[in-house]
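Survey of secondary and tertiary structure
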Number of protein chains: 4
Amino acid sequence: MANSKFEYVKQFEQPDQLLPNTWVVVRIDGRGFTKFASKYEFEKPNDKRALDLMSAAARAVMSELPDITIAYGVSDEYSFVFHKTCTLFERRASKLVSTIVSTFTAYYVHLWSAHFPDSPLSPPLPSFDGRAVCYPSVQNLRDYMSWRQVDCHINNLYNTTFWALIQLGGIDATEAEKSLKGTYSADKNEILFSKFHINYNNEPEIFKKGSVVFRDYEPVEPGTHNIAHEVENLAEPVAQSKSQSEKDRKKRAKAAIVVEHLDIIKDEFWDRRPWLLSNKPGKIPKEP
Amino acid sequence: MANSKFEYVKQFEQPDQLLPNTWVVVRIDGRGFTKFASKYEFEKPNDKRALDLMSAAARAVMSELPDITIAYGVSDEYSFVFHKTCTLFERRASKLVSTIVSTFTAYYVHLWSAHFPDSPLSPPLPSFDGRAVCYPSVQNLRDYMSWRQVDCHINNLYNTTFWALIQLGGIDATEAEKSLKGTYSADKNEILFSKFHINYNNEPEIFKKGSVVFRDYEPVEPGTHNIAHEVENLAEPVAQSKSQSEKDRKKRAKAAIVVEHLDIIKDEFWDRRPWLLSNKPGKIPKEP
Amino acid sequence: MANSKFEYVKQFEQPDQLLPNTWVVVRIDGRGFTKFASKYEFEKPNDKRALDLMSAAARAVMSELPDITIAYGVSDEYSFVFHKTCTLFERRASKLVSTIVSTFTAYYVHLWSAHFPDSPLSPPLPSFDGRAVCYPSVQNLRDYMSWRQVDCHINNLYNTTFWALIQLGGIDATEAEKSLKGTYSADKNEILFSKFHINYNNEPEIFKKGSVVFRDYEPVEPGTHNIAHEVENLAEPVAQSKSQSEKDRKKRAKAAIVVEHLDIIKDEFWDRRPWLLSNKPGKIPKEP
Amino acid sequence: MANSKFEYVKQFEQPDQLLPNTWVVVRIDGRGFTKFASKYEFEKPNDKRALDLMSAAARAVMSELPDITIAYGVSDEYSFVFHKTCTLFERRASKLVSTIVSTFTAYYVHLWSAHFPDSPLSPPLPSFDGRAVCYPSVQNLRDYMSWRQVDCHINNLYNTTFWALIQLGGIDATEAEKSLKGTYSADKNEILFSKFHINYNNEPEIFKKGSVVFRDYEPVEPGTHNIAHEVENLAEPVAQSKSQSEKDRKKRAKAAIVVEHLDIIKDEFWDRRPWLLSNKPGKIPKEP
């Protein structure tokens, strides 16, 4: 039985390659996580176990997909960044998105019991959706990352105050919401401090800054060169020698993938870690 | 801290709605499953435990996403069909694909231990990629389904003969490959029968036909009406009354989601189950 | 000097093929035609010379692109329909749109002086923009055509009444607009008849119905078969024999391309001209 | 008669906005211009009248669409560049392409008689197709422009030698083609010089370099600043004050649109005309 009669249906597959020479961000989000969080009694306003599980899954994704240069996570979302010269899966959007979403989900489910030993998973299981977005310039990419981190800050300050009012102030959600309506950051800081003696600045960095995941090499002195300009001048997929690619691959495999809670809005983070934008592996730090 | 300065990055998100009034097929495939199968010592040519796990995950997907009308699986792939009037997630491709891939993966990992109790999963974990394709007409959709089932048949006949030659015939893979080169179906049937007394027709249906997953209502007498023509005349998303939608929803929730191993190429399968193309729930069968 | 160094820029060209087995409608619209019409003193509410020029350009487009099966025009817009099996230019959207827009514009400018002998064209010249839209089913296509013809009717009834109020009733545009606000069709018919003794039904068909352009073969008796169903069953680009294609090509070349002002909403128009949906040339009418 | 019943067909229009913050190049090409050139007996290897007509049409396009910053033409093709911050027509691809193609065609047909006074146009009329491509970085854009100019050079050297062999050398096309097969630039230069005493360097610039069309302001001293880096740092559509936009608009309207035949591969061209990349109008030159 020849299959040729039906094979014409392959013509209906439409190409979805992403524009070359642009940074590809795949952001995934938990589906229905409000309900999910309540089912498993996540702590409010932040559940460290849940955040650590997200980052553990993100680390696994980065480990399986070395083309990802950096990831940033907050709450039930994670953004993964492919370097603008990346040609993985010929830059096909559905392939990039589905691979990340699937790998992330697999680890999230698999690692669940290590993070929530007392709450076995049961259907409906946690799942994530995702999408890919292209950013043409380093500035666009950094603005995207800043956008997510500012969002983290805004939401965390709100949630911290909201739950303090409820958990410490003894009012209910409706009252808490009402008393926060129209307030500015300064007002919330003031409420926390004056009512509950909480200095927001002393809150854990993981809650205030979210989580940055990247391969760790030796940081460089900032200001020695303008990495962004160098990177903008890369106009096409870099044609590396095979031996160079192999060297890079090995260096990447050796580098530790770390989860940090740092400011990624200011220049310093990027200046000290030029490999994040250049995609050239740095120097592996000596063991102490 | 206002976020408005960075929010412009949202403008880079490009729409990816699929053309209305077309059947949407999301096909997912195991990533690197040759290696994965060998790591967990899947039986050759078919591992029933692995196929059952795939179908269990597919059933869970269909249960969580009632908009899917039918799914078809073979080996490490599964195709999920959304009715042409479906407007789930505004028909956004990345949302449809990532949700299916993620849900499928979650159940695959979660249900693994029930199907492979003696082989605990360890990294790298199983994962799947996926893509969405639009088919404008019923004929296109049925040809797609036929394409996958013919593929199942061709591959299974080949694999059955190939592994018989190795497992029963005692030759190695290279020799087996050589002796099958250029053969037709009839030749392979002949080899199986004359050399190994295997009548291919008696092989299990799950291996020969793959797995069809659908909601089960009472079959109808075929030939009473032309369902395909009726469906082609549906030109736009059906505006149902709220109470009708609610009724449909309840009927769907009551219907059992079954996994069968039937011929989906011939008309009979579709004629007897008009709800697959019409998207109108049928009659719930009486309990025996 | 080798060009290879720069040739990588071709990789940035992204594919834009339209989904197979769907009807492709390219609609073009005059750019800034309110101003253009006033510059060349088009008659109000309809300028027959301008409409005839549009249709003459549309006929020329259909003559140069035999893949177009039917076109429909009203005011400064024209819609061109490619049969769902059409594979012209590999169905690339930009190629289809730009070719139609360019050919139409060329003839519009070239034929201008024949239709407006006393008003030579001067910059800024007339121009058109266009876009392609896919329609999966015959019903969708017919609904598109109906949409345009209903629009023609609604606008023409409004404009006829509006300009009667001004030209015959002696009121100004603001007053005319005010007196039509909130009126229904019946009201406008009534105004025309009672105030100006105009029976809208007696207005010229070209104004009420717009213009349909198609290749003319001998009409058939309606009701002999269901052409829409036959066409829906066409699932893929038809693989014709070369000699059949050649015969079709010759028949098409012989057929007169006519401009008519008919109802295209009712079935009769389509039933009597099965070639419009089937794309099989009909019988060339005998010369009288 | 309400139109609502059919209006659902508008949902089938799919968005086609081009990625923000990228340079948009719309390239148009003559359709069937080999045949067209022969019908109107274009001179070989270059017809100055035809090239001037192309550039006259391109100038008209730039004059009607001030968002275009530069255009480059060779033979029967022209490329138009929109600045990466441009938001014209919301960056819809079909709108940008069809508007340029239509405007270009209108002027090409309209201006024909001024350039070919002795050859009136007759059907089939000249027409053009077009497509839009996005380039993320200044380097990509300049490489695109270089690609076209190198192509111009390669083709012109070939054609000049080819036609010299025929027109001056008295051999036929087949022989000429054969004698050029596998030759390098140096070989062709040598053939021209030794056989026909033609120094290719002395050929007219319009043939060797093609035509660059741009708004002319006072050139600046190169090297005073790095315009490319400044432009890369523009990350989003520039929010200008209304009065600034108005000033820019007026300056642009005052600037002469010139057609030059310059090297656009080397830095100098771009360094001396920073407005081409910055999109900020320069200083209007004093009249002499």
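Since the structure is predicted, the reported quantities are computational estimates derived from the model, not experimental observations. (Residues numbered from 1 in each chain as written. Chains lettered and ligands numbered in written order. Predicted model: local features only at pLDDT ≥ 70, side-chain atom pairs only at ≥ 80, totals over all residues. Heavy atoms only, no water.)

**Observations regarding the overall build of chain A**
So the rule is basically this: Secondary structure elements are taken from DSSP: a helix is a run of H or I of four residues or more, a strand is a run of E of two residues or more, and numbering for both begins at the N terminus. Whether two residues touch is decided by their heavy atoms; if any such pair falls within 4.5 Å, the residues are in contact. What sets the accessible areas is the Shrake-Rupley method with a 1.4 Å probe; for residues, cover comes only from the shown protein chains. Just so you know, the count uses Lys and Arg for positive and Asp and Glu for negative, and it drops His and the chain ends. By convention, charge coordinates are those of NZ in Lys, CZ in Arg, CG in Asp, or CD in Glu.
Along chain A, the regular secondary structure elements total 12 helices and six strands. In chain A, 79% of the contacts between residues at least 6 apart in sequence involve partners at least 24 apart. Put simply, chain A shows about 13200 Å² of open surface, and 50% of that area lies on carbon and sulfur atoms. Taking the 37 positively charged and 38 negatively charged side chains of chain A as two groups, their mean positions are separated by 5 Å.

**Comments concerning the UniProt feature "binding site: GTP" (unreviewed entry) in chain A**
All names here are of chain A. Keep this limit in mind: UniProt positions are given in the numbering used here, feature names are shortened, and annotations may be inferred rather than shown by experiment. Counted as a polar contact is a pair of N or O atoms within 3.5 Å, where, for protein atoms, one must be capable of donating a hydrogen and the other of accepting one, and residues adjacent in sequence contribute only when both atoms are in side chains.
As recorded in UniProt, the sites labelled "binding site: GTP" (unreviewed entry) are S75 and D76. Note that S75 resides in the loop between strand 2 (68–74) and strand 3 (77–82). At a separation of 3.5 Å, a polar atom in the side chain of S75 contacts the side chain of D76. Sequence-distant contacts of D76, that is, excluding residues within four places in its chain, are made with I28, D29, G30, F33, M54 and F128.

**Some details on the relation of the copies chain B and chain A**
Defined as follows: Copies overlap after least-squares fitting; the atoms used are the C-alpha atoms of residues with pLDDT of at least 70 in both.
Mapping chain B onto chain A is achieved by rotating through 180° and translating by 0.0 Å along the same axis, at an RMSD of 0.0 Å. The transformation just described matches what one would write down for a two-fold rotation axis. When the interface residues of chain B are mapped onto chain A, 100% of them again lie at the interface, so the same face is used by both copies.

**Overview of the pattern of salt bridges**
Pairing is possible between side chains that carry opposite charge, provided their charged atoms lie close to one another. Which entries qualify depends on this criterion: Salt bridge, as used here: a side-chain nitrogen of Lys or Arg that lies within 4 Å of a carboxyl oxygen of Asp or Glu. The buried label applies to any residue whose accessible area, calculated with a 1.4 Å probe on protein chains only, is under 20% of its type's maximum; exposed applies above 50%, and partly exposed to all values in between.
All told, the structure shown has 56 salt bridges over all chains when counted by the stated rule. As a salt-bridge pair, E90(A) and R92(A) come within 3.5 Å of each other at their nearest N and O atoms. Exposure remark for E90(A): the relative accessible area of 51% places this residue in the exposed category. Between D263(B) and K266(B) there is a salt bridge, with its nearest N and O atoms 3.2 Å apart. Looking at K266(B), the relative accessible area reads 55%, which means it is exposed.

**Some details on the packing of helix 2 (residues 48–64) of chain D against helix 3 (residues 93–115) of chain D**
Two packed helices can be described by the angle between their axes and the distance between those axes. Residues and elements named next belong to chain D. Applicable threshold: The convention used is that axes are lines fitted to C-alpha atoms, helices contributing only their stretch in contact, and that angles between N-to-C directions extend from 0 to 180 degrees. Angle categories are assigned with fixed cut-offs, so that under 35 degrees is roughly parallel, over 145 is roughly antiparallel, 65 to 115 is roughly perpendicular, and the rest are oblique. A crossing counts as left-handed when the near helix is turned anticlockwise from the far one by less than a right angle, and as right-handed when that turn is clockwise. Three classes are used, and their members are as follows: Ala, Val, Leu, Ile, Met, Phe, Trp, Tyr, Cys and Pro are nonpolar, Asp, Glu, Lys and Arg are charged, and the others, Gly among them, are polar.
Following both chains from N to C, one finds helix 2 and helix 3 inclined at 135°, their axes separated by 8 Å at the closest point. Considered as vectors, helix 2 and helix 3 are oriented oblique to each other. Crossing of helix 2 over helix 3 shows right-handed handedness. For the pair helix 2 and helix 3, the contacting residues are R49, D52, L53, M54, A56, A57, A58, A60, V61 and E64 in the first and I100, T103, F104, Y107, Y108, L111, W112 and H115 in the second. For the contact of helix 2 with helix 3, a count of residues per class yields 13 nonpolar, two polar and three charged.

**Section: the interface of chain C and chain D**
Selection rule: Put simply, buried area is how much 1.4 Å-probe accessible surface two parts lose in total, over both of them, once they are put together.
With 56 residues of chain C in contact, the opposing surface of chain D contributes 56 residues. Approximately 4700 Å² of surface area, both sides summed, lies buried where chain C meets chain D, with 60% of it carried by carbon and sulfur atoms. Taken together, the links from chain C to chain D amount to six salt bridges. We note a salt bridge from D129(D) to K95(C), for which the minimum N-O separation is 2.7 Å. Taken together, chain C and chain D are joined by 19 residue pairs in polar contact (both at pLDDT 80 or more). Going through the elements one at a time, helix 1 (4–7), helix 4 (93–115), strand 4 (128–135) and helix 5 (138–167) of chain C are the ones with two or more residues in the side of chain C that touches chain D.

**Regarding the interface of chain B and chain A**
It is common to give the size of an interface as the accessible area that goes away when the parts come together. Every contact between the two is made by 56 residues of chain B and, on the other side, 56 residues of chain A. Around 4700 Å² of area is buried between chain B and chain A when both sides are counted, 60% of it from carbon and sulfur atoms. On the surface where chain B and chain A come into contact, there are six salt bridges. For E13(A), the salt bridge is made with R131(B), and the minimal N-O distance between the two is 3.5 Å. Seen at the junction of chain B and chain A, the total is 19 residue pairs in polar contact (both at pLDDT 80 or more). Only helix 3 (93–115), strand 4 (128–135) and helix 4 (138–167) of chain B provide two or more residues apiece to the side of chain B that touches chain A. It is helix 3 of chain B that provides the largest number of residues to the side of chain B that touches chain A, a total of 13 residues. Looking at side-chain class alone, the side of chain B that touches chain A contains 28 nonpolar, 16 polar and 12 charged residues.

**What to know about the UniProt feature "binding site: Mg(2+) 1" (unreviewed entry) in chain A**
Residues and elements named next belong to chain A. With numbering aligned to this structure, UniProt lists the feature "binding site: Mg(2+) 1" (unreviewed entry) at D29, G30 and D76. Taking the farthest pair of C-alpha atoms as the criterion, the annotated set spanning 48 residues converges on one region, since that pair is 5.8 Å apart. Structurally, D29 can be placed in strand 1 (residues 23–30). What D29 contacts, discounting residues up to four positions off in sequence, is D76, E77, S127, F128 and D129. Structurally, the position occupied by D76 is in the loop between strand 2 and strand 3.

**Remarks on the sheet that holds strand 6 (residues 256–260) of chain B**
The pairing of strands in a sheet comes from backbone hydrogen bonds and takes either a parallel or an antiparallel form. Residue and element names in this part refer to chain B. Short version of the rule: Should DSSP find at least two bridges between two strands, the strands are taken to pair.
If you walk across this open sheet you meet the six strands as 4-1-3-2-5-6, and the pairing is antiparallel. The open sheet has two edge strands, strand 4 and strand 6, and neither has a second partner. Strand-to-strand twist of the sheet, defined as the mean angle between neighbouring strand axes without regard to direction, takes the value 20°. As defined by bridge partners, strand 2 (residues 68–74) adjoins strand 3 (residues 77–82) across six bridges and the pair is classed as antiparallel. If you follow Y72 over to strand 3, its bridge partner there is S79.

**Let's talk about the environment of Q167(A)**
All names here are of chain A. By the secondary structure assignment, Q167 is in helix 5 (residues 138–167). According to the relative accessible area criterion, Q167 is partly exposed, its value standing at 46%. For the pair formed by Q167 and K44, sequence separation is 123 residues and the distance between their alpha carbons is 9.1 Å. A polar contact of 3.2 Å, which involves the side chain of Q167, links it to the backbone oxygen of K44.

**Some points on the pairing of strand 2 of chain B**
Residue and element names in this part refer to chain B. Most of strand 2 is tucked away, with seven of its seven residues classed as buried. The turn joining strand 2 and strand 3, which pair antiparallel and follow one another in sequence, is formed by two residues; a positive phi near 50° is taken by S75. The pairing of strand 2 with strand 5 (residues 211–216) spans four bridges and is classified as antiparallel. Of the residues in strand 5, the one forming a bridge with I70 is F214.

**A closer look at the relation of the copies chain C and chain D**
Put simply, the second copy of the chain is the first one after a rotation about an axis and a shift along it. The two copies are related by a screw operation: chain C maps onto chain D through 180° of rotation and 0.0 Å of translation along the axis, at an RMSD of 0.0 Å. Interface residue correspondence from chain C to chain D reaches 100%, placing this contact among same-surface, isologous pairings.

**Points about the packing of aromatic side chains**
All names here are of chain B. Stated formally: Any pair of Phe, Tyr and Trp rings, taking the six-membered ring for Trp, is counted once the centres come within 6.5 Å. Such a pair is stacked with planes under 30 degrees apart, edge-to-face with planes over 60 apart, and tilted for the rest. When the NZ atom of lysine or the CZ atom of arginine is within 6 Å of a ring's centre and also within 35 degrees of its normal, the charge is said to sit over that ring.
Enumeration over the complete set of coordinates arrives at 106 aromatic pairs over all chains. With a centroid separation of 4.9 Å and an interplanar angle of 75°, the aromatic rings of F104 and F128 are classed as edge-to-face. Of this pair, F104 sits in helix 3 while F128 sits in strand 4, and the two are 24 residues apart along the sequence. Look at F128 and you get buried, because its relative accessible area is 0%. Taking NZ or CZ as reference, K95 lies 5.4 Å from the ring centre of F89, over its face. Taking the ring centre of W147 as reference, the NZ or CZ of R148 above it sits at 4.3 Å.

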